[in-house]
Amino acid sequence: MGSLSGISLLVVSACTTPAPRPRPTVTLMPSVVPRPDGFVRTAWTDDPFARGAFSFPRVGSTPEDRIAMRQSVDDRLYFAGEATAEVDPGTVQGARASGERAAAEVQVAAEPGERIAIIGAGIAGATAARRLSDDGFSVVVIEGRDRAGGRIHTARSNNWPIPIELGAAWVRNIDRGSLADDLMRLGAEVTAIVSTKDARNLTGAAVDLGSVGSQAVATAMMWASTQPGDVTLEVALRESGAADLPNEPESSGVSQATLLEHYLAADITAGQGVDPDELSAWYATDPLLATGEGDRLVTGYDALLTELLEDLEILPSSAVVNVTSSERGVALRLARGDSLSADRVVITVPLGVLQAGTIEFDPPLPFSNRGAISALGMARQEKLVLRYDTAFWSTDAVLWATVGGDADFPLWVNLEPITGEAILVATMGGDTADRLAKYTDAELLDAAMASLVPFVDPDHSV
Ligand SMILES: Cc1cc2nc3c(=O)[nH]c(=O)nc-3n(C[C@H](O)[C@H](O)[C@H](O)COP(=O)(O)OP(=O)(O)OC[C@H]3O[C@@H](n4cnc5c(N)ncnc54)[C@H](O)[C@@H]3O)c2cc1C
């Protein structure tokens, strides 16, 4: 117990760095959260082939930017990827549809049998490649990583009892398209989450989240919609008065102000990977990545890629650094030095990669494409996955929320009720994700374990 108390102290000091917020004085229970038997953490923002998680409507951007950024250039360069999708941007659904759309655009301009290069073997690139190859074009897929899938990353390891989704894990907006059906046909587990969120305060008492947070955000957005220009969600919450909520704790021990704070931390920052001070109040629901009733949790997302890429020519570990286009075609230079040419190219790299400028375009992309690329935002979202041999909790809720403490880990997904394995997944977003990315593994685990104290079954013995 001595060392466990030490952990608890370390955690409390590590988690109190951000600007102080008014919060009730709470005595943490002694930390009895056991160390996980395995863990994995993601680093999407530092990943040179992602540079973030998914696109979001940054203040000042508009949905038309997605159309502008995908305008083909001289019928030689075409663009796909989730950021170019008007419907369901930021999702697998949107990325897949963008691959179909780009392939259809190429088909209009290309002669039969032309050589088409696809940059990126994520779901958008794989979808476009499959379609164009099936239609008789000579297709090559050029991928910077040593694996396909991009932001679909199903990690399979002998140390883990089930595949772990380090990127996309949910089918969003299941009613739009056949994605869930396709996944099930390919043998992936696709589960509807029926349980409601188990929300607790720091002492482990149940908290009714109600609709305080979502109502305040709706009020703020309504106010913003009457303003002459777009503002951030943070400004809209403040200026509209929607954030003026009582600070006095209610019967569950948390105040309405704390409920709003939790909603912003869980549903906006962690759920959408965006802080309220960067999110457009005009377009904040696009994409709405907070978990909704029409969503399904997936284990085995990579099955999609395996099917799409079968028998296609793929060049792995081949980062493209230069795209030179002319009337005759397109030349691509790779980071390792060699070049290849094609008649046309479909560029599916993430928005964050385009923003970073690691691919040089010659001639430069038109202002309209570049303006749209810089206007949209790239969300920052990371995951921490903890594996336990036996559960230390007794709730069978899949979604957990911790309310009223430090907001670093406001949201957990408990995979035990749906997989039988004691695995917990935390989602961190925005500036919080950036700050936690600097933690050592030991510091991150300590902080995560502290946030799980409210969920410890009192009968569990360490
Ligand atoms: C943590 C996280 C959680 C998510 N959760 C969900 C979810 O639950 N549900 C959902 O629907 N969506 C989710 N998403 C979003 C979803 O994963 C993406 O929208 C989708 O996978 C994007 O597909 P894409 O083909 O557009 O891009 P990518 O999958 O990123 O494909 C682009 C490819 O281009 C490659 N590339 C990059 N630069 C170069 C270069 N210079 N040369 C060659 N190749 C290059 C990359 O390696 C990558 O393979 C999540 C994403 C993340 C990161």
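How each quantity is defined
Residues numbered from 1 in each chain as written. Predicted model: local features only at pLDDT ≥ 70, side-chain atom pairs only at ≥ 80, totals over all residues. Heavy atoms only, no water. Helix = DSSP H or I, 4+ residues; strand = E, 2+ residues; numbered from the N terminus. Rg over C-alpha atoms; globule rule 2.2 N^0.38 Å. Buried < 20%, exposed > 50% of the residue type's maximum accessible area, 1.4 Å probe, protein only. Areas by Shrake-Rupley, 256 points an atom, 1.4 Å probe, with all protein chains shown as cover. Lys, Arg positive; Asp, Glu negative; His and termini not counted. Charge placed at Lys NZ, Arg CZ, Asp CG, Glu CD. Pairing = 2+ DSSP bridges. Axes fitted to C-alpha atoms, helices over the stretch in contact; angles between N-to-C directions. Contact = heavy atoms within 4.5 Å. Salt bridge = Lys/Arg side-chain N within 4 Å of Asp/Glu carboxyl O. 1 Å grid on protein atoms, 1.4 Å probe; cavity = no way out; pocket = protein on both sides within 12 Å on 5 of 7 lines; lining within 4 Å. Points joined across faces, edges and corners; volume = space filled by probe spheres on them. Nonpolar A, V, L, I, M, F, W, Y, C, P; charged D, E, K, R; others polar. Core = buried A, V, L, I, M, F, W, Y, C linked by side-chain atoms within 4.5 Å. Near = heavy atom within 4 Å. Polar contact = N/O pair within 3.5 Å; in protein donor to acceptor, adjacent residues only side chain to side chain. Phe/Tyr/Trp six-rings, centres within 6.5 Å; stacked < 30°, edge-to-face > 60°. Lys NZ or Arg CZ within 6 Å of the ring centre and 35° of its normal. Domains from an automatic or database assignment. Buried area = accessible area lost by both parts, 1.4 Å probe.

*Asks:* Explain the overall build of the protein chain to me, please; I cannot follow it from the model alone.
*Replies:* The helix and strand tally for the protein chain stands at 14 helices and 22 strands. A compact globule built from 462 residues would reach a C-alpha radius of gyration of about 23 Å, and the protein chain, at 23 Å, matches this within 12%. Dimensions along the principal axes, computed over C-alpha positions, put the protein chain at roughly 70 × 55 × 40 Å. The buried share of the protein chain, taken over its 462 residues, is 54%. Element-wise, carbon and sulfur atoms account for 51% of the exposed surface of the protein chain, whose accessible area totals about 19400 Å². Each charge sign in the protein chain was given a centre, from 35 positive and 63 negative side chains, and these centres are 4 Å apart.

*Asks:* Is there a simple way to explain helix 14 (residues 441–451) in this structure?
*Replies:* For an α-helix, the turn length of 3.6 residues means that residues three or four places apart are oriented alike. Here helix 14 lies mainly inside the structure; eight of its 11 residues are buried. Looking at helix 14, one finds that the buried residues are Leu-444, Leu-445, Asp-446, Ala-447, Ala-448, Met-449, Ala-450 and Ser-451.

*Asks:* Just to check I follow, could you spell out the sheet that holds strand 1 (residues 38–41) for this structure?
*Replies:* The pairing of strands in a sheet comes from backbone hydrogen bonds and takes either a parallel or an antiparallel form. A sheet is described by the order of its strands in space; here six strands give the open sequence 1-19-22-21-20-10, paired in mixed fashion. Lying at the two open borders of the sheet, with one neighbouring strand each, are strand 1 and strand 10 (198–201). Averaged over all neighbouring strand pairs, the angle between strand axes comes to 20°, with direction disregarded. The pairing of strand 1 with strand 19 (residues 381–388) spans four bridges and is classified as antiparallel. Each bridged residue has a counterpart across the sheet, and for Val-40 the counterpart in strand 19 is Val-385. Docked against the sheet, helix 13 (residues 430–437) engages strand 1, strand 19 and strand 22 (422–429), running at close to 115° with respect to strand 22.

*Asks:* What am I meant to see in the pattern of salt bridges here?
*Replies:* Scanning all chains against the criterion turns up 24 salt bridges. Salt-bridge contacts for Arg-145 lead to Asp-47; the nearest nitrogen and oxygen are separated by 2.5 Å. One end of the pair, Arg-145, is in the loop between strand 5 (138–142) and strand 6 (154–155); the other, Asp-47, is in the loop between strand 1 and strand 2 (55–56), and 98 residues separate them in sequence. The pair Arg-145 / Asp-47 is uniform in exposure class, with both members buried. Residue Asp-267 pairs with Lys-197 through a salt bridge whose shortest N-O separation is 3.9 Å. Separated by 70 residues along the polypeptide, Asp-267 in helix 8 (residues 256–272) and Lys-197 in the loop between strand 9 (189–192) and strand 10 bring together distant segments of the chain. Given the relative accessible area of 16%, Asp-267 is considered buried. Classification of Lys-197 by relative accessible area gives partly exposed; the value is 32%. Through salt bridges with shared partners, a single network forms among Asp-275, Glu-278, Arg-380, Asp-431 and Asp-434.

*Asks:* Please explain empty space enclosed by the protein as it appears in this structure.
*Replies:* To find leftover empty space, one rolls a probe the size of a water molecule over the atoms. In total, this model carries two cavities of 30 Å³ or more according to the counting rule given. As a volume, the largest cavity reaches approximately 80 Å³. Lining the largest cavity are Thr-258, Glu-261, His-262, Ala-265, Thr-402, Val-403, Gly-404, Gly-405, Asp-406, Ala-407 and Pro-410. Within the residue set of the lining of the largest cavity, elements represented by two or more residues are helix 8 and strand 20 (399–403). With four residues, helix 8 is the largest single contributor of residues to the lining of the largest cavity. Each residue belonging to the lining of the largest cavity can be placed in one class, and the counts come to four nonpolar, five polar and two charged.

*Asks:* Can you walk me through the nonpolar core in this structure?
*Replies:* Soluble globular proteins: nonpolar side chains tend toward being buried together. Ile-118, Leu-132, Leu-183, Tyr-301 and Val-346 are the most contacted members of the largest nonpolar core, which has 37 residues in total. Those elements that place two or more of their residues in this core are helix 3 (92–109), strand 4 (115–119), helix 4 (123–134), strand 5, helix 5 (179–185) and helix 9 (303–309). At six residues, helix 4 tops the list of elements feeding residues into this core. Those residues in contact with Ile-118 that lie beyond four places of it in its chain are Gly-125, Ala-128, Ala-129, Leu-132, Val-139, Val-140, Val-141, Ile-142, Val-346 and Thr-348. Judged by nonpolar contacts, the second largest core, of 30 residues, contains Val-73, Ala-83, Leu-334 and Leu-376.

*Asks:* For this particular structure, what's the right way to read the site of the ligand?
*Replies:* Inspection of the region around the ligand gives 39 residues, with Glu-82, Val-92, Glu-143, Arg-151 and Trp-170 positioned closest. Between the ligand and Val-92, the relevant distance is 2.8 Å, taken from an oxygen atom to a main-chain nitrogen or oxygen of the residue. Coverage of the ligand by the protein chains reaches 98% of its 1000 Å² of free accessible surface. When residues of the shell around the ligand are traced back to their parent elements, those giving at least two are helix 3 and helix 4. Each residue belonging to the shell around the ligand can be placed in one class, and the counts come to 22 nonpolar, 12 polar and five charged.

*Asks:* Looking at this structure, I do not really get the packing of aromatic side chains. What am I missing?
*Replies:* We describe a pair of aromatic rings using the distance from one ring centre to the other and the angle between the two ring planes. As enumerated under the stated definition, the model contains seven aromatic pairs in all. Here the aromatic rings of Trp-282 and Tyr-283 are separated by 6.3 Å at their centres, their planes lie at 85°, and the arrangement is edge-to-face. A relative accessible area of 23% places Tyr-283 in the partly exposed class. Ring geometry for Trp-393 against Trp-400: centres 5.5 Å apart, planes inclined by 80°, an arrangement best described as edge-to-face. Taking the relative accessible area as the measure of exposure, Trp-393 reaches 6% and is therefore buried. What links up through ring pairs into an aromatic cluster is the set Tyr-388, Phe-392, Trp-393, Trp-400 and Phe-455. In this structure, Arg-387 is placed above the aromatic ring of Trp-160, and the distance from its NZ or CZ to the ring centre is 5.3 Å.

*Asks:* Can you walk me through the domain arrangement of the protein chain in this structure?
*Replies:* Interfaces are often described in size by the accessible area the parts lose on coming together. Assigned domains of the protein chain: these are domain 1 (2–45 + 195–290 + 380–455) and domain 2 (55–152 + 302–376). One C-alpha centre belongs to domain 1, the other to domain 2, and the line joining them spans 35 Å. In this complex, domain 1 contributes 12 residues to the contact, which on the side of domain 2 involves 17 residues. Summed over both partners, the interface of domain 1 with domain 2 comes to about 1100 Å²; 70% of that surface belongs to carbon and sulfur atoms. In this assembly, domain 1 and domain 2 are joined by zero salt bridges. At the junction of domain 1 and domain 2, the tally comes to three residue pairs in polar contact (both at pLDDT 80 or more).

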